[in-house]
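# Results of the structural survey
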Amino acid sequence: MQSQAQSQTPRIIVVTHGQANDPFWSVVKNGVTAAAKETGVQVDYRAPETFDMVAMSQLIDAAVNQSPAGLVVSIADPSALSASIKKAVAAGIPVISMNSGSDVSKSLGALLHVGQDEYVAGKAGGAKLKELGGKVGLCVNQEVGNVALDLRCKGFTDGFGGKVTVVPVSNDPTDVRAKVKAALQANADVDTIMCLGAATAGEPSLAAVKDVGKVGKINVGTFDMSAGFLKSISAGEAAFAIDQQQYLQGYLPVVFLANYAKYGLIPASDVASGPNLITKEKAAQVVDLSAKGIR
């Protein structure tokens, strides 16, 4: 365990791949902030401005050079980030991975992982959409190359069992809406859409479904949540959202590392924060919390 003088306030650095314009990561950051306040530790939250693994590895290297009491990382691309994470472990810095990288976390030397198994979550969502009668689907991916999101699409495809086309998009809602609309116009048989982010891909995809006049005829599910998408679920315009409780992904690693720095205490195994399917019956309960940046 990284030693710090008892009189010093432990410093924890959080480095994620989350882009500044993605509402999902603002919820993660809210969890980080709350944990820092409750535990009394100093926490720095850092992320590249775009999905940039070179920039992220540099942020991790810079964090290691500052010798924090703990480091929290998301592992969106193990091949690009492994060397930097191993450097942290070799320097004696306790590392917890979160959000992505559950499959490689232990092998890189992390103490544990907080998140959900993305393939398993995708498969559960695919099975649900198959149960709803889906046969031809789209998987709307706003970060192709992000291993976690690619696993979501693969899980969805395997659970769905029908024909699936991946639609690569950006984080720009206008771009997402236009590309999904084009995909729907190109194939009238599409009856299912799985989105890999609620605000980034889910809401614009729902708008595209409305554009082509197929609300109620195409089942739309999404990973993660936003107040807007939850309202669409409540209104019967969308099928469900897969909640991975990202607030906990920011909150718990900071709490764990704070206790590790102070007392040498750490959980013995990974913590599964999801998946949890939010359907019409549950959606209304979490709309307010989503608007507050907690769900």
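Quick summary incoming for the structure in this document. Note that the coordinates shown come from a computational prediction; the quantities given were computed from them, not determined experimentally.

Conventions adopted
- Residues numbered from 1 in each chain as written.
- Predicted model: local features only at pLDDT ≥ 70, side-chain atom pairs only at ≥ 80, totals over all residues.
- Heavy atoms only, no water.
- Helix = DSSP H or I, 4+ residues; strand = E, 2+ residues; numbered from the N terminus.
- Buried < 20%, exposed > 50% of the residue type's maximum accessible area, 1.4 Å probe, protein only.
- Areas by Shrake-Rupley, 256 points an atom, 1.4 Å probe, with all protein chains shown as cover.
- Lys, Arg positive; Asp, Glu negative; His and termini not counted.
- Charge placed at Lys NZ, Arg CZ, Asp CG, Glu CD.
- Phe/Tyr/Trp six-rings, centres within 6.5 Å; stacked < 30°, edge-to-face > 60°.
- Expected span 1.5 Å × (residues − 1).
- Arc of directions from axis to C-beta.
- Contact = heavy atoms within 4.5 Å.
- Polar contact = N/O pair within 3.5 Å; in protein donor to acceptor, adjacent residues only side chain to side chain.
- Salt bridge = Lys/Arg side-chain N within 4 Å of Asp/Glu carboxyl O.

### Description of the overall build of the protein
- Helix and strand counts for the protein stand at ten helices and twelve strands.
- In terms of overall dimensions, the protein has C-alpha extents of about 65 × 35 × 30 Å along its principal axes.
- Evaluated residue by residue, the protein yields a buried proportion of 53% over its 295 residues.
- Accessible surface computed for the protein: about 11,900 Å², of which carbon and sulfur atoms make up 52%.
- Counting 26 positive and 26 negative side-chain charges, the protein places the centres of these two groups 3 Å from one another.

### Overview of the packing of aromatic side chains
- Inspection of every chain in the model, using the stated rule, returns three aromatic pairs.
- With centroids separated by 6.0 Å and ring planes inclined at 15°, the aromatic side chains of Tyr247 and Tyr251 adopt a geometry described as stacked. Placement of the pair is Tyr247 and Tyr251 together in helix α9 (residues 246-263), with a separation of four residues, close to one helical turn.
- For Tyr251, a relative accessible area of 18% gives the class buried.

### A short note on helix α4 (residues 118-131)
- An ideal rise of 1.5 Å per residue puts 20 Å on 14 residues; α4 measures up with 20 Å between its terminal C-alpha atoms.
- For α4, the complete set of buried residues consists of Glu118, Ala121, Gly122, Gly125, Gly126 and Leu129. The buried residues of α4 all sit within an arc of 135° when viewed along its axis, so they share a single face.
- The elements touched by buried residues of α4 are β4 (95-99), α5 (147-160), β8 (192-195), β9 (219-223) and β10 (240-243).
- Measuring from the backbone nitrogen of Tyr119 back to the side-chain oxygen at the start of α4 gives 3.1 Å, which picks out Asp117 as the cap.
- Immediately beyond the C-terminal end of α4, within one or two residues, lies Gly133, with a positive phi of roughly 100°.

### Considerations on the pattern of salt bridges
- In total, this model carries eleven salt bridges according to the counting rule given.
- The salt bridge partner of Arg46 is Asp44, with a shortest N-O separation of 3.4 Å.
- Taking the relative accessible area as the measure of exposure, Arg46 reaches 18% and is therefore buried.
- Overall, the relative accessible area of 18% leaves Asp44 in the buried class.
- Lys128 is paired through a salt bridge with Glu131; the nearest N and O atoms lie 3.5 Å apart. Placement of both Lys128 and Glu131 in helix α4 is noted, with a separation of three residues, approximately one turn of the helix.
- Within the structure, one salt-bridge network assembled from shared partners comprises Arg11, Asp44 and Arg46.

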